[in-house]
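Results of the structural survey
The chain contents come next:
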Amino acid sequence: MRLRTNALGRLAAVVPLVLAAATTSALAHSENGVAIDFWGGFTHPIFGPDHVIAMVAVGLWGAFLGQPAIWLLPVVFPLVMAFGGALGVAGMPLPGVETGIAISAIILGGMVAFAARPPLWIAAVLVGAFAIFHGHAHGAELPIGADAVAFSMGFVVATGSLHLGGITFGGLSHWPAGRVAVRAAGGVISLLGFAYLGKIL
Amino acid sequence: MTWFFCAALVTCLFASTTPALAHAPLMGIGGVFGGVIHALLVPEHGLTLLALGLVLGRQKQDARRLGVLIFVAILTCGLVAAALIGEETLAADLLLLATCTLGLLIAATWMPPRLVLCLAALAALMLALDSKPDGTSAVESTRMLIGSGLGATIALALLAEGAVYLRGHVLLIAARVAGSWIAAIGIMVLSLRIVTRMTIG
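No experiment lies behind these values; they were computed from the predicted model shown.

Side note on the overall build of chain B
Secondary structure assignment for chain B yields eight helices and zero strands. When the 201 residues of chain B are sorted by exposure, 51% land in the buried category. For chain B, the proportion of contacts with a sequence separation of at least 24, taken over those separated by at least 6, is 84%. Counting only carbon and sulfur atoms, one obtains 72% of the accessible surface of chain B, whose full area is about 9,100 Å².

Structure representation (structure tokens):
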């Protein structure tokens, strides 16, 4: 069963409401310049464009693959990302984090661009593997010494919102012209990934 | 449609939560009302109640009501213990652990009734022990603990009964996504707290 367009429209209508409710006053910043509140956590992944394109790609690919990938991939990603984040918080080294993030954009964008339809478990493993790199990068930058529940809430909600953005755009793939647009978006994400890998951006 | 916006409203309320600051969510508000506010606005407590409400809402009527009853009974005992125990406990960490487990169960849609009842009891006890206000008189502290108990009980009953109406494909997927977000937040914060404790002491 496919997600209906009006359901996506309702979700899209609610996102600004949640964002509006999430606004807080500007508080003190931590030593590394990160605000330790919901908004600080929310903006953390959004201010990393390499993270943004990869997370949008997860949503795009999920929407492109249809049920059950459309919800399974956005469920797998934050869970595995949290484990990666725990590794980062604990200071456990993970080689090539930035390279892994760039490759995630290349691969996930490429999957959409080439309309790849691997078995669901392969898609989930692929997304989960890349989520570790994203989580580690964010976890390593989490402000130590803070009670970071609100920060983490913002962080996870932002990640989910980026997935939702990808899913919403990926919903266009129900139409022939939209399918071309979605595949083109995947191609652009993949190219941006190459640019990040080559440190052009 | 109505339940969709109810779910959106709950999301907005949780998004508007702020970090726990020395157990004084709103300056100048104490007594029973202050305790109710505490139970609803402290992010850890709100997340726990949301997760437990979602899990209990997926149980059969008897198991659901038994779960709420066990929660209220253990919560009451815990609040009495909190009033008597003066020293700091690991309640906040164990509460996050219970929340994290509940989130994983929601994401996996695997909720064996006995495990759910055990988690309800653990969450109730830790929520009660973590509700003790700092630096107030014994009378004021007792009033706030009573308020916390009332707030948590009412919130859980409403969430558990409301979650029963989470039917339909889209809402069930939204619940699974919410579960994965709750678990991810729990994992991140728990790891950060453990590392902070090891680093700072």
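Having put the structure on the table, let's press on.
Focus on the packing of aromatic side chains
All names here are of chain A. Overall, the coordinates contain two aromatic pairs over all chains when judged by the stated rule. Aromatic pair Phe38 and Phe42: ring centres 6.2 Å apart, planes at 20°, arrangement stacked. Note that Phe38 and Phe42 are positioned in helix α2 (residues 38-46) at a spacing of four residues, about one turn of the helix. Phe42 shares its class with Phe38; the two are buried. Pairwise contacts between aromatic rings join Phe38, Trp39 and Phe42 into one cluster.

Some remarks on the confidence of the model for chain B
Residues and elements named next belong to chain B. Residues at a pLDDT of 70 or more form 83% of chain B, whose mean pLDDT is 85. Within chain B, the lowest mean pLDDT, 56, falls on helix α1 (residues 2-15), and the highest, 95, falls on helix α6 (residues 113-129). Contacts of residues 19-24 to residues separated by more than four positions or lying in other chains number 15 contacts, the stretch itself having pLDDT below 50. Among the scores for the predicted complex, ipTM is 0.76 and pTM is 0.81.

Here we look at the pattern of salt bridges
Residue and element names in this part refer to chain B. With the rule as written, the count across this model stands at six salt bridges over all chains. Residue Glu44 pairs with Arg193 through a salt bridge whose shortest N-O separation is 2.6 Å. Here Arg193 lies in helix α8 (residues 169-200) and Glu44 lies in helix α3 (residues 43-57), a separation of 149 residues in the sequence. We note that Glu44, like Arg193, is buried. The partner of Glu161 in a salt bridge is Arg64, and the shortest N-O contact between them spans 3.2 Å. Taken together, the residues Glu161 in helix α7 (residues 138-163) and Arg64 in helix α4 (residues 61-84) connect sequence positions 97 residues apart. Judged by relative accessible area, Glu161 falls into the partly exposed class, the value being 31%. Each of Glu44, Asp93, Arg193 and Arg197 takes part in one network of salt bridges that share partners.

Digging into α3 of chain B
The terminal C-alpha atoms of α3 of chain B, which comprises 15 residues, lie 21 Å apart, in line with the 21 Å expected from a rise of 1.5 Å per residue. With 15 of 15 residues buried, α3 of chain B is to be regarded as a mostly interior element.

Scoring rules and cut-offs
Residues numbered from 1 in each chain as written. Chains lettered and ligands numbered in written order. Predicted model: local features only at pLDDT ≥ 70, side-chain atom pairs only at ≥ 80, totals over all residues. Heavy atoms only, no water. Helix = DSSP H or I, 4+ residues; strand = E, 2+ residues; numbered from the N terminus. Buried < 20%, exposed > 50% of the residue type's maximum accessible area, 1.4 Å probe, protein only. Contact = heavy atoms within 4.5 Å. Areas by Shrake-Rupley, 256 points an atom, 1.4 Å probe, with all protein chains shown as cover. Phe/Tyr/Trp six-rings, centres within 6.5 Å; stacked < 30°, edge-to-face > 60°. pLDDT = per-residue confidence, 0-100. Salt bridge = Lys/Arg side-chain N within 4 Å of Asp/Glu carboxyl O. Expected span 1.5 Å × (residues − 1).

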